[in-house]
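Spelled out, the chains give:
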Amino acid sequence: MSASWLFSTPYCRRRRNNFSIFSPTGTVKQMFTTSSSSNPNNNKGAFTTIKEIATFEKEIKKSKFIAIAGHIPDEGSAQSFLSEVRDPRATHTCWAYKVGEQYRTNDDGEPSGTAGKPIHSAIASSGLDRIMVVVIRHFGGIKLGTGGLVRAYGGVAAECLRNAPTCLIKSKVPMGLEVPFELLGVLYHQLQSSQAEDIKQDYDTGKDGVTMVTFKVDFDCVQGLEEAIKTNCSRDIVFYKR
């Protein structure tokens, strides 16, 4: 079954409001640490992600750390997000992202495991999905040590995510069914009640007086819609799902 991910405005909420838009330009080195599971789309029901880009800035022992967090719909969007927020003046540009069970981290010259992993841990602890967090560091001349770096990168990433505005996203399930012409009115009433989208008809079914109706509906409305249609149409209706 495929799914189309759409924002559902009524479920959006704003956390604390000390965030801002951040979009410098420049270049950044690429170094990857990768881990993955079988399918990045395992959460096919609903998930919470970031509604809009948020930032958090903190100075730690004269080094300036700037965390930028945002929504990425898939792994392919990570590079575009990085390009939007990177700063060529930065000493280090470290990041991590999570898309379903897939994630990647980047230490960008910091000691191994002191930047990308703490950022990813902050993402995992937040409960958010399909997000990327980039932490830019402007070195201030004082070394923080391994523990200090872990706390700095993980801390600013976590604070940025706590401040970020979030939104619940529900998957849309593509469905279809063949229905006699005389039951179209009943069917459309049920589809409207379930807020079905992308409703289309195809009369080329090879059957007299029968049309194919396809649509998309929220994953948590599927069972109720099927039962309502079967009850009100009083026919043996076969549903098709993709």
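Please refer to the structure placed before this passage.
Worth saying up front: this structure is predicted, and the values here are computed from it rather than measured. (Residues numbered from 1 in each chain as written. Predicted model: local features only at pLDDT ≥ 70, side-chain atom pairs only at ≥ 80, totals over all residues. Heavy atoms only, no water.)

1. Details of the environment of L191
Here is the rule: Going along the chain from the N terminus, every DSSP run of H or I of four or more residues is numbered as a helix, and every run of E of two or more is numbered as a strand. Burial status follows relative accessibility: with a 1.4 Å probe on protein chains alone, a residue under 20% of its type maximum counts as buried, one over 50% as exposed, and anything between as partly exposed. Contacts are assigned to residue pairs with any non-hydrogen atoms lying within 4.5 Å of each other.
Positionally, L191 belongs in helix α4 (residues 184–193). For L191, a relative accessible area of 0% gives the class buried. Taking the C-alpha atoms as reference points, L191 and E226, separated by 35 residues in sequence, lie 10.0 Å from one another. Among residues more than four places away in sequence, those in contact with L191 are A196, I199, V213, F215 and L225.

2. Section: the pattern of salt bridges
We count it as follows: A pair is scored as a salt bridge if a Lys or Arg side-chain nitrogen falls within 4 Å of a carboxyl oxygen belonging to Asp or Glu.
Scanning all chains against the criterion turns up eleven salt bridges. The residue K170 makes a salt bridge to D220 at a minimum N-O spacing of 3.0 Å. Note that K170 is positioned in strand β9 (residues 166–180) and D220 in the loop between β11 (210–218) and α5 (222–233), a separation of 50 residues in sequence. Overall, the relative accessible area of 8% leaves K170 in the buried class. According to the relative accessible area criterion, D220 is partly exposed, its value standing at 43%. Among the ionic contacts, a cluster of salt bridges with common partners joins K98, D129 and R130.

3. What about α5?
Put simply, the test is: For a helix, the expected span equals 1.5 Å multiplied by the residue count minus one. What the arc measures is the spread of directions leading from the helix axis to the C-beta atoms.
For α5, which comprises twelve residues, the first-to-last C-alpha distance of 16 Å matches the rise-based estimate of 16 Å (1.5 Å per residue) to within 8%. Listed in full, the buried residues belonging to α5 are V222, L225, E226, I229 and C233. Along the axis of α5, the buried residues cluster in a sector spanning 100°; they form a single face. Counted as exposed and oriented over 90 degrees from the buried face of α5: Q223 and T231. Of the residues flanking the end of α5, it is S234, one or two places downstream, whose phi is positive at about 55°.

4. Some details on the nonpolar core
To keep it simple, the criterion reads: Working definition of a nonpolar core: buried Ala, Val, Leu, Ile, Met, Phe, Trp, Tyr and Cys residues. They are joined through side-chain atoms within 4.5 Å.
One finds I119, V133, V135, Y153 and L161 to be the most contacted residues of the largest nonpolar core, which totals 25 residues. Secondary structure elements with two or more residues in this core: β4 (54–60), β5 (63–71), β6 (92–99), α2 (116–126), β8 (131–138) and α3 (145–163). Among the elements that make up this core, the one with the highest residue count is α3 (seven residues). Each residue touching V133, except ones within four places of it in the same chain, is listed here: I68, A69, C94, W95, A96, I119, I123, A157 and L161. Residues L177, L183, F215 and V222 belong to the second largest nonpolar core, which totals 18 residues.

5. Remarks on the packing of aromatic side chains
The criterion, for reference: Aromatic rings from Phe, Tyr and Trp, taking only the six-membered ring of Trp, are treated as a pair when their centres fall within 6.5 Å; an angle between ring planes under 30 degrees marks them as stacked, one over 60 as edge-to-face, and anything in between as tilted. Charge-over-ring placement is defined geometrically: NZ (Lys) or CZ (Arg) within 6 Å of the ring centre, and within 35 degrees of the ring normal.
If you walk through the whole model with that rule in mind, you get three aromatic pairs. Each ring, one from F65 and one from Y153, has its centre 5.2 Å from the other, and the planes form 90°; the classification is edge-to-face. Here the residue F65 occupies a position in strand β5, and Y153 occupies one in helix α3, the gap between them amounting to 88 residues. Residues F181 and Y203 carry aromatic rings whose centres are separated by 5.6 Å and whose planes lie at 70° to one another, so their mutual orientation is edge-to-face. Taken together, the positions of F181 in the loop between β9 and α4 and Y203 in the loop between β10 (197–202) and β11 put the pair 22 residues apart, joining distant regions of the chain. A relative accessible area of 39% places F181 in the partly exposed class. Positioned over the ring face of F47 is R130, at 4.6 Å from the centre of the ring.

6. Overview of the environment of F215
Assignment of secondary structure puts F215 in strand β11. Residues F215 and P174 lie 41 residues apart in sequence; the distance between their C-alpha atoms is 5.9 Å. Among all residues touching F215, those that are not within four sequence positions of it are V173, P174, M175, G176, L177, L191, A196, E197, D198, I199 and L225.

7. Let's talk about unusual backbone geometry
Despite not being glycine, K61 shows a phi value in the positive range, around 50°. K61 gets classed as exposed once you look at its relative accessible area, which sits at 52%. Positive phi, close to 40°, is recorded for D108, a residue that is not glycine. Locating D108 in the fold gives a position in the loop between β7 (102–106) and α2. The exposure class assigned to D108 is buried, which follows from its relative accessible area of 3%.

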